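Observations on the three-dimensional arrangement
Given next are the chains, with one letter for each unit.
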Amino acid sequence: MPDSQPQPPAEPGGEAPRPAAHPAVVPGDGALVLGGARLADGRTVDVRLSGGHIEAVGTAGSLAPGPRVDLSGYLLLPAPAEPHAHGATALTAEADGPVSYAVEDVQRRATEAALLQLGHGATALRCHVRIGDVQGLRSLEAVLQARRALRGLTDLTAVAVPRLLTGVAGADGLALLRDAVKMGAAVGGCPDLDPDPTGFAEAALDLAAEYGCPVDLHTDGSDPARLARLAAMAGGLRPRVTLGPCGGLARLPRDLAVRAAEQLSAAGVTVVCLPQGDCGTLEQRGGRVSRCAPVRLLRAAGVRVAAGSGALRDAANPVGRGDPLEAAFLLASHGELRPEEAYEAVSGWARAAMGLPRVRVEAGFPAELLAVRGERVEGVLSLGYSRLVVHGGRVVARTSAVREYCDTSAAAAALDLPRQSSRGGGEPS
């Protein structure tokens, strides 16, 4: 299969042997030892998983034998989570003709997108799904079917996104949103696109309070007064209100942006930024260039910030990768966060925004882990191609990258450059 297509974990004996440098996928629900992994603090350890949790962490070679994956040369980290996905529209950029929103097509796209992001390391996804218009609740039904099909591989949750909630036209949207919440979706939407943004936000927050569910709203954040009203209303539901992508905050004068950040912090609102570009739910007007929210400014004001991927190869971003490590790379390379903080934005902070348990590579924590070839966070954000993903204590995905060079270069031989593979069939270095 092409590299861009998700591939299921290999069963024992199901494929030709791979180079020893790439850890094998070991299925099963019993205890599993991840051996010789490097942690972010520099230690090399064995990690035993059992019952969906980390059972023990010991020095390399110290844990009892049994099913084992050799992670020598890999950095072991808490797994990323994806707080802002659009699975219903994913992978449509190259569609010939109009995009189909038949239930089976949306389910296929949402499933494939979730598997692609799982391969990158995201073991939990929050998928924003439009409801209303001619589609009604069909796209949401399809995403919920994808969630059931993916159980055991990744955790997928849905956010229902109505177009309008106010006035006569918004009555149908509010009724559909209520039905969507009863189906298990969180409350979403785009106040900026409603004729009455404050009324939209009030209706959404009231419904969420009634059903005790999270709220995740799209907003550009470029109107300080509107953002202040939204923050004031959201304070009653803290900390279950998320806003994003808030790229408009980066276009405000600094004093206004700081004041808005302080109001968001006081309200306990979480901001999910999209370093890889905005999503299609916010309709861009006037050829405006999208920008990432000012993460450093928000963090300085005490705002909880997470990073998501947004569009995945759809009309809003035809080259979107849905890779959390790329989102972290962009935050670090643009100087918004230090590399360790940038990774936390797509991992621990993203999980907190989604209401998921905290993960640390310590006994007792959930076994939601990502192993990436490399020694330090900076390195894996730069060149972290080979990855192994653990969800619920099981290895559920693996990506093995092999780089080859021609053996005819005398300069390469003289410099003793490292190779992962050679045409002569030798062992990778």
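So, a few notes on the structure that sits alongside this text. Keep in mind that what you see is a predicted model, and the values were worked out from it rather than measured.

A word on the packing of aromatic side chains
Evaluated as defined, the whole model comprises 0 aromatic pairs. Seen from the ring of Tyr101, Arg109 lies directly overhead, with NZ or CZ sitting 5.2 Å from the centre. Over the aromatic face of Trp349 sits the side chain of Arg299, whose NZ or CZ is 3.8 Å from the ring centroid.

Structural notes on the packing of helix α8 (residues 324–333) against helix α9 (residues 339–346)
Two elements in contact, α8 and α9, have axes whose closest approach is 8 Å; the angle formed by their N-to-C orientations is 140°. Comparing their axes, α9 and α8 come out oblique. Here α8 runs over α9; the crossing is right-handed. Counting all contacts with α8, which are made through Pro324, Leu325, Ala327, Ala328, Leu331 and Ala332, the residues of α9 involved are Pro339, Ala342, Tyr343, Ala345 and Val346. Taken together, the residues that form the contact of α8 with α9 break down as 11 nonpolar, no polar and no charged.

Considering the pairing of strand β8 (residues 155–161)
With 5 of its 7 residues buried, β8 lies for the most part within the structure. Sheet topology note: the strand β7 (residues 124–130)/β8 ladder contains 7 bridges and is parallel. For His128, the partnering residue across the bridge sits in β8 and is Val159. Between the parallel pair β7 and β8, the chain is carried across by helix α2 (residues 138–149), and the sense of this crossover is right-handed. Bridge analysis of β8 against strand β9 (residues 186–189) gives 2 bridges, and the strand direction is parallel. Residue Ala160 lies in a different strand from β9, and its bridge partner there is Val187.

So, unusual backbone geometry
Most peptide bonds adopt trans geometry, and most residues besides glycine take a negative phi value. Of note, the bond from Gly244 into Pro245 is cis; its omega dihedral lies within 30 degrees of zero at -5°. Phi is positive for Leu91, which is not a glycine, with a value near 65°. For Leu91, the position within the fold is in the loop between β6 (82–85) and α1 (103–120). Unusually for a residue other than glycine, Cys246 sits at a positive phi of about 60°. Along the polypeptide, Cys246 turns up in the loop between β11 (241–245) and α6 (254–267).

Section: the sheet that holds β7
Here 8 strands make up an open sheet; going across it, the order is β6-β7-β8-β9-β10-β11-β12-β13 and the pairing parallel. Looking at the sheet topology across the chains shown, the edges are occupied by β6 and β13 (304–307). Sheet twist, expressed as the average angle between the axes of neighbouring strands with direction ignored, equals 25°.

Side note on the side chain of Thr242
Mapped onto the elements of the fold, Thr242 is located in strand β11. On the accessibility criterion, Thr242 (2% relative accessible area) is buried. When neighbours within four sequence positions are excluded, Thr242 is seen to be in contact with Arg126, Val215, Asp216, Leu217, Thr270, Val272 and Ala353.

What about the pattern of salt bridges?
For the coordinates displayed, the defined rule picks out 15 salt bridges. The closest approach of N and O atoms between Arg68 and Asp46, which form a salt bridge, is 3.0 Å. With a gap of 22 residues between them, Arg68 in strand β4 (residues 68–70) and Asp46 in strand β2 (residues 44–50) connect regions that are remote in the sequence. For Asp223, the salt bridge is made with Arg226, and the minimal N-O distance between the two is 3.8 Å. Put simply, Asp192, Asp223 and Arg226 are held in one network by salt bridges that share partners.

Side note on the nonpolar core
Counting residues in each nonpolar core, the largest one holds 87 residues, and the members touching the most others are Leu140, Val143, Val187, Leu264 and Leu298. Here this core takes 7 residues from helix α4 (residues 197–211), the largest share from any one element. Residues Leu39, Val69, Leu71 and Val359 belong to the second largest nonpolar core, which totals 20 residues.

Considerations on the pairing of β7
Counting buried positions along β7 yields 6 of 7 residues, so the element is predominantly enclosed. The sheet contact formed by β6 and β7 spans 2 bridges and is parallel. Of the residues in β7, the one forming a bridge with Ala85 is Cys127. Between the parallel pair β6 and β7, the chain is carried across by α1, and the sense of this crossover is right-handed.

Concerning α6
Helix length check: α6 (14 residues) gives 20 Å between terminal C-alpha atoms against 20 Å at 1.5 Å per residue, within 8%. Those residues of α6 that fall on the buried side of the exposure criterion are Ala257, Ala260, Ala261, Leu264 and Ala267. Viewed end-on, α6 has its buried residues packed into an arc of 125°, placing them on one side of the element. Buried residues in α6 make contact with α5 (224–234), β11, β12 (270–273) and α7 (295–300). Just downstream of α6, Gly268 is the residue with a positive phi angle, here 75°.

Definitions and limits used
Residues numbered from 1 in each chain as written. Predicted model: local features only at pLDDT ≥ 70, side-chain atom pairs only at ≥ 80, totals over all residues. Heavy atoms only, no water. Phe/Tyr/Trp six-rings, centres within 6.5 Å; stacked < 30°, edge-to-face > 60°. Lys NZ or Arg CZ within 6 Å of the ring centre and 35° of its normal. Axes fitted to C-alpha atoms, helices over the stretch in contact; angles between N-to-C directions. Helix = DSSP H or I, 4+ residues; strand = E, 2+ residues; numbered from the N terminus. Parallel < 35°, antiparallel > 145°, perpendicular 65-115°, else oblique. Left-handed = near helix turned anticlockwise from the far one by under 90°. Contact = heavy atoms within 4.5 Å. Nonpolar A, V, L, I, M, F, W, Y, C, P; charged D, E, K, R; others polar. Buried < 20%, exposed > 50% of the residue type's maximum accessible area, 1.4 Å probe, protein only. Pairing = 2+ DSSP bridges. Right-handed = clockwise from strand over helix to strand, strands pointing away. Salt bridge = Lys/Arg side-chain N within 4 Å of Asp/Glu carboxyl O. Core = buried A, V, L, I, M, F, W, Y, C linked by side-chain atoms within 4.5 Å. Expected span 1.5 Å × (residues − 1). Arc of directions from axis to C-beta.

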